[in-house]
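The primary structure of each chain is shown beneath.
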Amino acid sequence: MLKGVKISGTGSFLPDRILTNHDLEKMIDTSDEWIKTRTGICERRIADENTATSDLAIEAAKKALKNAHKKPEEVDLIIVATVTPDMIFPSTACFVQRGIGAKHAAAFDISAACSGFIYGLAVGYQFIASGMYDTVLVIGAEVYSRIVDWTDRNTCVLFGDGAGAVVLEPTNKDEGILAIDLETDGNTAELLMVPGGGSRNPICQKTLDHRLNFVKMKGNEVFKFAVNSLVKTTRKVLAKAKLKPEDVDHIVPHQANVRIIDALTKKLKIDPEKAFINIEKYGNTSAASIGIALDELVHSKKLKKGQIIVTNAFGGGLTWGACVIKW
Ligand code: UT7
């Protein structure tokens, strides 16, 4: 029999340095007005040059463990979702394991771009549901500012750095993760990618000259795909959990564009007030966004025991997915 799985603690960490839209006006041909009206973003956090993804992940993980009343030695598995790992290897999760002193934990990364947190939840869920592990840390963490082309106004205004974490544990009560949906369409891979730095286009002068080590995105096409795929996966995951859109108390979407979130709630006929939005402060933090948003929702006191949360995301791959949680 599969075990139930609940979130027993959340944590997040954002670097101190704030880069505002007005700061960006001095760097590239853009305006505060354009960025705000097209995306909802006012400012984003940028890690200092000595900070890597694991540094942010470690801080978020420590807070999540504290909130879950768990010691690092009790952690069985650490999953870090990221597309900005500290290094090609070892995995960022290994640095987190060392950093928090989780000496009994196995550790690995997963790569599903902005859908990484949902994919991480799904993987962590399986390990507990199957009975293999009891305490799993799922962390979404990015220093996206390192892979953004700061001369490309189409992308550089959108992203920010940060980390969000949750602790997963078994439960025998009527609570926790009720359903998960994961989807991928590799045919759309070219819409959003960092083409250089891997085995296809290894780092060399040519790769650097063509700026292949930075994010390339066809924003408009991703936008359309995002709205349709988020609506589809949310309907599917709610049906799996035998729930309807009107049963949802909180939507915690990936924070990519406020217009995408508005279109999603409109199409699903869910009160837009139920959508948690913090994109104005942090921009798109990729795999970190849902973990950060969940942590802020928990601490906002708006979330009550027994309420239904739907969280959903889309990103490079393209990948997308959703998860229903009974708090
Ligand atoms: O987590 C997954 C990551 N990906 C995404 O979230 C992307 C989803 N897509 C989007 O959020 C939107 O498509 C964007 C915010 C990226 C772009 O918004 P848009 O309304 O689709 O604008 P657009 O790409 O159609 O561009 C409209 C105009 C263009 O000028 P022209 O060709 O009409 O003269 C762009 O050059 O806006 C221009 N533009 C800018 N202007 C000022 C593009 N970026 C900027 C900018 N500042 N930063």
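Going by the structure above, here's the rest.
Residues numbered from 1 in each chain as written. Predicted model: local features only at pLDDT ≥ 70, side-chain atom pairs only at ≥ 80, totals over all residues. Heavy atoms only, no water.

Peer 1: Help me understand the side chain of serine 12 in this model?
Peer 2: For serine 12, the position within the fold is in strand S1 (residues 4-13). Under the relative-accessibility criterion, serine 12 is labelled buried at 9%. Looking at serine 12, its side chain comes within polar contact range of the side chain of aspartate 295, at 2.7 Å. (Helix = DSSP H or I, 4+ residues; strand = E, 2+ residues; numbered from the N terminus. Buried < 20%, exposed > 50% of the residue type's maximum accessible area, 1.4 Å probe, protein only. Polar contact = N/O pair within 3.5 Å; in protein donor to acceptor, adjacent residues only side chain to side chain.)

Peer 1: Can you walk me through the pairing of strand S7 (residues 162-171) in this structure?
Peer 2: Two faces belong to every sheet, and in a regular strand the side chains alternate between them. Counting buried positions along S7 gives nine out of 10 residues, so the element sits mostly inside the fold. The sheet contact formed by S1 and S7 spans nine bridges and is antiparallel. From the neighbouring strand, glycine 4 faces S7, where its bridge partner is threonine 171. Strand direction decides the pairing type here: strand S6 (residues 136-142) and S7, joined by seven bridges, are antiparallel. By the bridge assignment for S7, glycine 140 is matched with glycine 164. (Pairing = 2+ DSSP bridges.)

Peer 1: Help me understand the site of the ligand in this model?
Peer 2: In the region of the ligand, 22 residues are neighbours, and Thr30, Arg38, Asn220, His254 and Asn257 sit closest. Within the side chain of tryptophan 34, one N or O atom sits 3.2 Å away from an oxygen atom of the ligand. Of all elements in the fold, only helix H2 (32-39), helix H6 (153-156) and helix H8 (219-240) reach the threshold of two or more residues within the shell around the ligand. Among the residues making up the shell around the ligand, the classes are represented as 10 nonpolar, eight polar and four charged. Residues from two domains meet in the shell around the ligand; each of domain 1 (4-174) and domain 2 (178-326) gives at least three. (Near = heavy atom within 4 Å. Nonpolar A, V, L, I, M, F, W, Y, C, P; charged D, E, K, R; others polar. Domains from an automatic or database assignment.)

Peer 1: I keep staring at the pattern of salt bridges and nothing clicks. Help me out?
Peer 2: Two side chains with opposite charge may pair up if their charged atoms get near one another. Applying the stated criterion across every chain, the model contains 13 salt bridges. Put simply, lysine 326 and aspartate 174 hold a salt bridge, and the shortest N to O gap is 2.7 Å. On the criterion of sequence distance, the pair formed by lysine 326 in strand S13 (residues 319-326) and aspartate 174 in the loop between S7 and strand S8 (176-184) is long-range, its members being 152 residues apart. Aspartate 174 sits in the exposed class, given a relative accessible area of 58%. Its salt-bridge partner being lysine 305, residue glutamate 175 comes within 3.1 Å of it at the nearest N-O pair. Taken as a pair, glutamate 175 in the loop between S7 and S8 and lysine 305 in the loop between helix H11 (289-299) and strand S12 (308-315) lie far apart in primary sequence, 130 residues in all. We classify lysine 305 as exposed; its relative accessible area is 66%. Where salt bridges share partners, they join Asp181, Glu183, Lys232 and Lys236 into one cluster. (Salt bridge = Lys/Arg side-chain N within 4 Å of Asp/Glu carboxyl O.)

Peer 1: Would you take a moment to explain helix H4 (residues 92-100) for this structure?
Peer 2: Along H4, the positions that sit buried rather than exposed are Thr92, Ala93, Phe95, Val96 and Ile100. Projected down its long axis, H4 carries its buried residues within an arc of 155°, all on one side. Where H4 is buried, its residues meet helix H3 (53-67), strand S4 (77-81), strand S5 (106-110) and S6. Of the residues one or two after H4, glycine 101 is the one with positive phi, at around 75°. (Arc of directions from axis to C-beta. Contact = heavy atoms within 4.5 Å.)

Peer 1: So what exactly am I meant to see when it comes to the packing of H8 against helix H9 (residues 258-268) here?
Peer 2: Packed helices, taken two at a time, are described by their axes: the angle between them and the distance between them. Their axes nearest at 10 Å, the elements H8 and H9 cross at an angle of 40°. Judged on the interaxial angle alone, H9 and H8 are oblique. When you trace H8 past H9, the crossing you get is right-handed. In this structure, H8 uses Phe223, Ala226, Val227, Asn228, Leu230, Val231, Thr234 and Arg235 to contact H9, whose residues at the interface are Arg259, Ile260, Ala263, Leu264, Lys267 and Leu268. In terms of residue class, the contact of H8 with H9 is built from nine nonpolar, two polar and three charged. (Axes fitted to C-alpha atoms, helices over the stretch in contact; angles between N-to-C directions. Parallel < 35°, antiparallel > 145°, perpendicular 65-115°, else oblique. Left-handed = near helix turned anticlockwise from the far one by under 90°.)

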